[in-house]
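Coordinate inspection notes
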Amino acid sequence: MRRWTAIDRAGAGSVSRAVAMVVLVLLTLSLTVPPGSAPVLARKRLVGGSPGPAPLPWIDRGTDTVLILGHPGSERLMGRILWPATGAVQVVTDVWGDWARHVTIIVPADQDELRALIDEDGDLTHVAALTDPSGRVVVNPDVFGGLSPAGRQVVLTHEITHVAARGTTSDLTPFWLAEGLAEYVAHRDSPTRDRSIAKELADEVRMGRLPARLPARHEFAGERQAQAYQGAWLVCRFMVERAGEETLLRIYRRVSAGADTDRVFREELGLTGEHLVEHWREYVERRLG
């Protein structure tokens, strides 16, 4: 499943950027008001920024670490988000360490509002949630509402990992590493078998088709997006099993800061980039075959 991150936005178009930015600025201001006092925000259509339906009032739910903004009628879904998100903040903190330890989650009323908030014209029918460039998680209510409790927990933990890491993540962070870290944290404490988590990739492995290389960025939004996320997850899991969780985080921080990737792999894992791929392919076959 494709998830939108700060690095995923690099170079994206801005047809309705002005509208989206107005909404995001107002949402920022909402963080300063007490619970139950979220401001009224006007909804906009993407085309030309012309006024859309009558403004909808925003309501909020929150804990010390999570603020959820939604509309009347979304209370049930907001409730399904609040406590899993609160738990996800703690899980992410246990792995990542120091960060703001607070996340804002937005529940749009519909697809039009979702698109206005994130300035996205692509297909969102299979996207459960996204992390926007400002570090807010935006939920797709049509998809997220249909997830199981375990699925909601995985998606929220994944996205909140992106939020925690956004100050470190850069244009130099390999996309597979950014998504792989988020997947690693999301599945870190899962009792689910590897073959169930990585079903699509496991099916290919059992047919004798191992991935030839690390997932390319375009694959995370294409027909092989499931295999891309699963492969990225297993790269990071392999690193942790070989050298520990702190090593994975050091690799992430060093590479994101501009260090030579091959040198980082040699110093942290004792492997060249080519050898990392070889060991990862063997790991994938062993875990999923």
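Above this note sits the structure.
In this text, all values refer to a predicted model and were calculated from it rather than measured experimentally.

This structure, assessed with the given rule, holds five aromatic pairs. Both rings, one in Trp-96 and one in Tyr-252, keep their centres 5.8 Å apart while their planes meet at 90°; by these two values the pair is edge-to-face. Remark: Tyr-252 occurs in helix α10 (residues 245-256) and Trp-96 occurs in helix α2 (residues 75-96); sequence separation between them is 156 residues. On the basis of relative accessibility, which here comes to 8%, the residue Trp-96 falls in the buried class. The exposure class of Tyr-252 is buried, given its relative accessible area of 1%. Three or more aromatic residues link up through ring pairs in this structure, and these residues are Phe-175, Phe-220 and Tyr-229.

A few words on the sheet that holds strand β7 (residues 137-139). Across the sheet, which stays open at both edges, the five strands sit in the order β3-β4-β5-β7-β6 with mixed pairing between neighbours. Both outer strands of the open sheet, β3 (59-62) and β6 (129-131), are each paired with one neighbouring strand and no more. Averaged over all adjacent pairs, the angle separating strand axes in this sheet is 20°, with direction ignored. Packing of α2 onto the sheet brings it into contact with β3, β4 (66-70), β5 (103-106) and β7, and relative to β4 it is tilted by some 160°. Along the sheet, helix α3 (residues 111-118) contacts β5, β6 and β7; its crossing angle with β7, the most-contacted strand, is approximately 160°.

Applying the stated criterion across every chain yields a total of 16 salt bridges. We note a salt bridge from Arg-213 to Glu-219, for which the minimum N-O separation is 3.1 Å. Of the charged contacts, one joins Glu-267 and Arg-254 as a salt bridge, the two residues approaching to 2.6 Å between their closest N and O atoms. With Glu-267 in helix α11 (residues 261-269) and Arg-254 in helix α10, this pair connects stretches of sequence that are 13 residues apart. On the accessibility criterion, Glu-267 (44% relative accessible area) is partly exposed. Salt bridges here are not isolated pairs; linked through shared partners, they connect Glu-204, Arg-209, Arg-213, Glu-219 and Arg-224.

This brings us to helix α12 (residues 273-288). Here α12 contains 16 residues, and its C-alpha end-to-end distance of 22 Å stays within 8% of the 22 Å for a straight helix at 1.5 Å per residue. Next to the buried residues of α12 lie α7 (194-197), α8 (199-206), α9 (225-243) and α11.

Over its 12 residues, α10 runs 17 Å from end to end, which matches the ideal 16 Å to within 8%, given 1.5 Å per residue. For α10, the complete set of buried residues consists of Glu-245, Thr-247, Leu-248, Leu-249, Ile-251, Tyr-252, Val-255 and Ser-256. Tucked inside the fold, the buried residues of α10 contact α2, α5 (149-165), α6 (175-187), α9 and α11. In the segment just after α10, Gly-258 is the residue with positive phi, at about 110°.

Another point: the nonpolar core. Counting residues in each nonpolar core, the largest one holds 68 residues, and the members touching the most others are Ile-81, Trp-96, Ile-105, Trp-176 and Met-239. Residues Trp-58, Leu-67, Leu-114 and Leu-124 belong to the second largest nonpolar core, which totals 11 residues.

A separate point is the packing of α5 against α6. Two packed helices can be described by the angle between their axes and the distance between those axes. Following both chains from N to C, one finds α5 and α6 inclined at 135°, their axes separated by 8 Å at the closest point. Classified by the interaxial angle, the pair formed by α5 and α6 is oblique. Of the two elements, α5 crosses α6, and the hand of that crossing is right-handed. Each of Val-154, Thr-157, His-158, Thr-161 and His-162 in α5 lies in contact with α6, whose residues at this interface are Ala-178, Glu-179, Leu-181, Ala-182, Glu-183, Val-185, Ala-186 and His-187. By residue class, the composition of the contact of α5 with α6 is six nonpolar, five polar and two charged.

As a further point, take the pairing of β3. In this structure, β3 lies alongside β4, joined through four bridges in antiparallel fashion. By the bridge assignment for β4, Asp-60 is matched with Leu-69. As consecutive antiparallel partners, β3 and β4 are separated by three residues.

Conventions used here
- Residues numbered from 1 in each chain as written.
- Predicted model: local features only at pLDDT ≥ 70, side-chain atom pairs only at ≥ 80, totals over all residues.
- Heavy atoms only, no water.
- Phe/Tyr/Trp six-rings, centres within 6.5 Å; stacked < 30°, edge-to-face > 60°.
- Helix = DSSP H or I, 4+ residues; strand = E, 2+ residues; numbered from the N terminus.
- Buried < 20%, exposed > 50% of the residue type's maximum accessible area, 1.4 Å probe, protein only.
- Pairing = 2+ DSSP bridges.
- Axes fitted to C-alpha atoms, helices over the stretch in contact; angles between N-to-C directions.
- Contact = heavy atoms within 4.5 Å.
- Salt bridge = Lys/Arg side-chain N within 4 Å of Asp/Glu carboxyl O.
- Expected span 1.5 Å × (residues − 1).
- Core = buried A, V, L, I, M, F, W, Y, C linked by side-chain atoms within 4.5 Å.
- Parallel < 35°, antiparallel > 145°, perpendicular 65-115°, else oblique.
- Left-handed = near helix turned anticlockwise from the far one by under 90°.
- Nonpolar A, V, L, I, M, F, W, Y, C, P; charged D, E, K, R; others polar.

Nothing here speaks to function; it is geometry throughout.
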